[in-house]
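# Tertiary structure, described
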Amino acid sequence: MPPQKKISSKRILTLLGFFLWVVLFFLPLAASIIVTILPSIGYEPALAQYDVSFRYWQQFLLDPLFHKSILKTIIIGYTSAITALIGAFGIAALFYKYTRHLIKWLAGMLAIPHAAFALGVSFLLAPAGYFVRILESLGLSNISGNHNPFLLFDHLGLSLFTVLVLKEIPFLTYIILGSMKNHEIENWLITTRSLGYTNFAAWRKVIIPVVYKRIRLAFFIVLAYSLSVVDMSIILGPQQPPTLSVLLVQFYSSDITEMRFIAYAGALFLGFLIGVSILSFWVIEKLLSLRYVLSLRYAKVFSFITSAGIMQGRRTHWLDSLFKWNSWLIVFLLAFITTLAIFVNAVWSFAERWRYPALLPSSYTTKYWNRALLPDFEPSNLLSFTQYLNKDTLELIFNAPLFQTLCIGCLSTLAAFIVSIVFLEAVRLFKNNNLFIKGLYSSFFIPLIIPETILLFGITFLAIYMSFNANILTLSWTHFLYTFPYMMLTLYGPYKSYDERYSIIGRTLAKQKLKTFLKIKLPLLIRTIAIALAIAFSVSVTQYLSTELIGGGRIITITTEAVNLSVSLNRRIMGVYAIIQMAIPMTAFLIVFYAFKPLEHSQKP
Amino acid sequence: MSLQVNNFSLSIKSSNRTLFKNFNVEIKKGQITALMGASGSGKSSLLNFILGTLPQEIFNIEGTLSLAGASIDTLPIEKRGMGILFQDPLLFPHMNVEENLAFGLAEHIKNHKKRETYITNGLAEIHLPPAIRTRLPHTLSGGEQARVSVLRTLLSFPKVILLDEPFSKLDRPLCQAFREFVYGSILSRDIPALIVTHDKADVLAIPKHARGKVITLSSSTTSS
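Residues numbered from 1 in each chain as written. Chains lettered and ligands numbered in written order. Predicted model: local features only at pLDDT ≥ 70, side-chain atom pairs only at ≥ 80, totals over all residues. Heavy atoms only, no water.

## Considerations on the pattern of salt bridges
- Using the criterion set out here, one finds 11 salt bridges over all chains in the structure.
- The salt bridge involving Arg-216 of chain A is made with Glu-285 of chain A; its shortest N-O contact spans 2.6 Å. Residue Arg-216 of chain A is found in helix α9 (residues 199–228), and its partner Glu-285 of chain A is found in helix α12 (residues 257–289); the two are separated by 69 residues along the sequence.
- For the salt bridge of Arg-133 of chain B with Glu-116 of chain B, the shortest nitrogen-to-oxygen distance reads 3.2 Å. Pair noted here: Arg-133 of chain B is in the loop between α3 (112–125) and α4 (142–155) and Glu-116 of chain B is in helix α3, with a separation of 17 residues, a long-range link.
- Members of the salt-bridge network, linked through shared partners, are Glu-98, Glu-116 and Arg-133 of chain B. (Salt bridge = Lys/Arg side-chain N within 4 Å of Asp/Glu carboxyl O. Helix = DSSP H or I, 4+ residues; strand = E, 2+ residues; numbered from the N terminus.)

## As for the domain arrangement of chain B
Residue and element names in this part refer to chain B.
- Parsing chain B into structural domains produces domain 1 (1–81 + 158–224) and domain 2 (91–155).
- Computed from C-alpha atoms alone, the centre-to-centre distance between domain 1 and domain 2 is 26 Å.
- Taken together, the contact pairs 8 residues of domain 1 with 8 residues of domain 2.
- The contact between domain 1 and domain 2 buries some 780 Å² in all, and 79% of this surface belongs to carbon and sulfur atoms.
- Of all residues in domain 1, Phe-178, Phe-181 and Arg-189 bury the most surface against domain 2, accounting for 55% of the area lost on that side.
- Notably, a salt bridge pairs Glu-125 with Arg-189, separated by 3.0 Å at the nearest N-O pair.
- At the junction of domain 1 and domain 2, the tally comes to 1 residue pair in polar contact (both at pLDDT 80 or more).
- With 6 residues, helix α5 (residues 172–189) is the single largest residue contributor to the side of domain 1 that touches domain 2.
- Split by residue class, the side of domain 1 that touches domain 2 holds 6 nonpolar, 1 polar and 1 charged. (Domains from an automatic or database assignment. Contact = heavy atoms within 4.5 Å. Buried area = accessible area lost by both parts, 1.4 Å probe. Polar contact = N/O pair within 3.5 Å; in protein donor to acceptor, adjacent residues only side chain to side chain. Nonpolar A, V, L, I, M, F, W, Y, C, P; charged D, E, K, R; others polar.)

## Remarks on the interface of chain A and chain B
- In this assembly, 30 residues from chain A lie in contact with 31 residues from chain B.
- In total, chain A and chain B occlude about 2,600 Å² of area from one another, counting both sides; carbon and sulfur atoms represent 63% of this.
- The tally of links from chain A across to chain B stands at 1 salt bridge.
- Counting every contact that joins chain A to chain B gives 9 residue pairs in polar contact (both at pLDDT 80 or more).
- At the level of elements, α8 (183–194), α9 and α13 (291–294) of chain A are the ones that each hand at least two residues to the side of chain A that touches chain B.

## Looking at the sheet that holds strand β6 (residues 82–85) of chain B
Residue and element names in this part refer to chain B.
- One open sheet accounts for 5 strands, arranged β6-β7-β8-β3-β9; its pairing is parallel. The open sheet has two edge strands, β6 and β9 (211–217), and neither has a second partner. Across the sheet, the mean angle separating the axes of adjacent strands is 15° when strand polarity is ignored.
- Pairing analysis gives 4 bridges linking strand β7 (residues 160–164) to strand β8 (residues 193–197), with the strands arranged parallel. When the bridges of β8 are listed, Asp-164 appears paired with Val-196.
- Packing of α4 onto the sheet brings it into contact with β6 and β7, and relative to β6 it is tilted by some 175°. (Pairing = 2+ DSSP bridges. Axes fitted to C-alpha atoms, helices over the stretch in contact; angles between N-to-C directions.)

In structure tokens:
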């Protein structure tokens, strides 16, 4: 009788990983894309629509409203993503020597949700906002007012451009610094500078071309996000028409079936636009790297920025000075606008009377905080809350936006963490070079590349069809689609560079795989894991469109409240929600940093 | 022209551990000075002091550095006139051989034809064919990459050459020939050179007439 084969852990992990991928990723994504395609061509059995045609595509493509909106989207999306990339490289060039400190600062910046940041900036840029108040107090009232082109909802999209750039820079800088732990890059920098090139020349000519290839994926994610952003665009983006994704959400929310079908066609077009954008950046990069093989002289046009003056051995170039001063300007704007936005948010949340053009309120109150934390709770004073703990008040607490936010955030972060660890362990078993694993890894980022509108219109349709909508588990899973890729992006590099010999030694001593994993590997990676958990949690808190569509108005989080209130222009309540939105991920960051710190130190080999 | 390190003291801020105390050394032109020592003895720290890349938030640094009598310790690395060779060739992967060399070639040679000639002659000096100019670094052998890297440094006309374990990654048969090539190239320029190594063979391979001081650092505080 032949000996029975023992199933290896490699096979179990592979099967488990593949199963999770199919159930959690492939099937829902594929289904959501299909259910977006079908209505766009007029086919939706639920509404007894069987007339297949390209009518809605035609309406979408021929409508001048969409033309203007698409143009705005392309200009704001491209310019903000490229400026953020340049700014991130600039900050890395200025402060790479202080990476440890910079990472902490960046972690704090990453914790600020997009919508909260946009709300803060909207308080600064509003016609009676803080910038105008400052100008008034300085006696420069003729500059302020409606003549100022750089105000909220400006039709050029300058305010949206600014917040997109400032919000994406910390993320890209974090990824750049993470990809530079390699000693080789430090030595390249020293070599280049010893040849007589300044720091910024060395970055422009040597480091950026090398590092860009490593952070390409993160840049594509930022590009896709900038082209499809919804919440920030609603808060301070251009209007009449707004950017394409906002216009599509407006069409989708309409009661007229035809408009919804046009929204489906538009969502697919936005997906196509993002695909073409990413492809064109990729093609330019490939042309540059193949220019020697194919003798593509014209490819040098694209490489001007990074290779100007190389053959002449020019040690200084005006581009380097521009790069340097641009970087300092961005650092200043980032620090100034972020600090002021948080400050003004906080002040508005406690303001009772704040007349224009005073720089501070004349009286303060906490009533807006009480109202925001427990909207239906009476009496308004929170201190007497403990006397009212009964079934009804508990229900109120469970339905409160804060509780819902925390609950969904914890569930989606935990799920993302478990799936990430399973996948990363599978990667280790396959020695990182399995084509299947690489393909699988790339697929995790699909939700970040595909516009939210495609994915979420489809998922909403499926959720309603299967009666899974307005359900906390469905919503947590939708958040998971976004928390998981960010967690992978943060964990993948450090996990890959973990020295497996520690585990081998651990196994020879502990004789147990699980014990080695828990006692050796996890503590050594705890700092990265802590940051990844905090980022994932922050991503969940930030989710707007997914919560709005899947929650169907029955599940309300801090973010949906904040964005929806931005239309109401009640600055006090908006301030409260923005501060809560910032405080939740910030608290998560602080908890993970300080909770894991003792473990990290005690377990260091 | 010589490079002088005067009264160099170095200690780690967090632990107060002193690595160097009043250390002095003169690296004379036309000579190759060797710096030997075990890991952690401070070889790299001294090299980083000369380059100006010691992180001030980690170390307490004292001492002066002068080249041909002029103080250079406040200058940034790009103004010090140092050429450095690491154990890896570190050719820039996105530039071909010609661009790597042109990138290194001193800026004061402005004439396009002259620059071409420098590169062509340089390639002949390191025994590489002209056709190699358009090739990308990853298509070259390890030995070819190492030679191009040396040439790139020399074309920048450095006033001092610093070698940070440059032969430690090479195979034995290739290593001896490459040592002779590097030392020969440096000595023909008549400039000061400092080699940091833990391998005695690297020191013994320096021609006797050009062998400068051999400084051995111990893991305890070094002073002279």
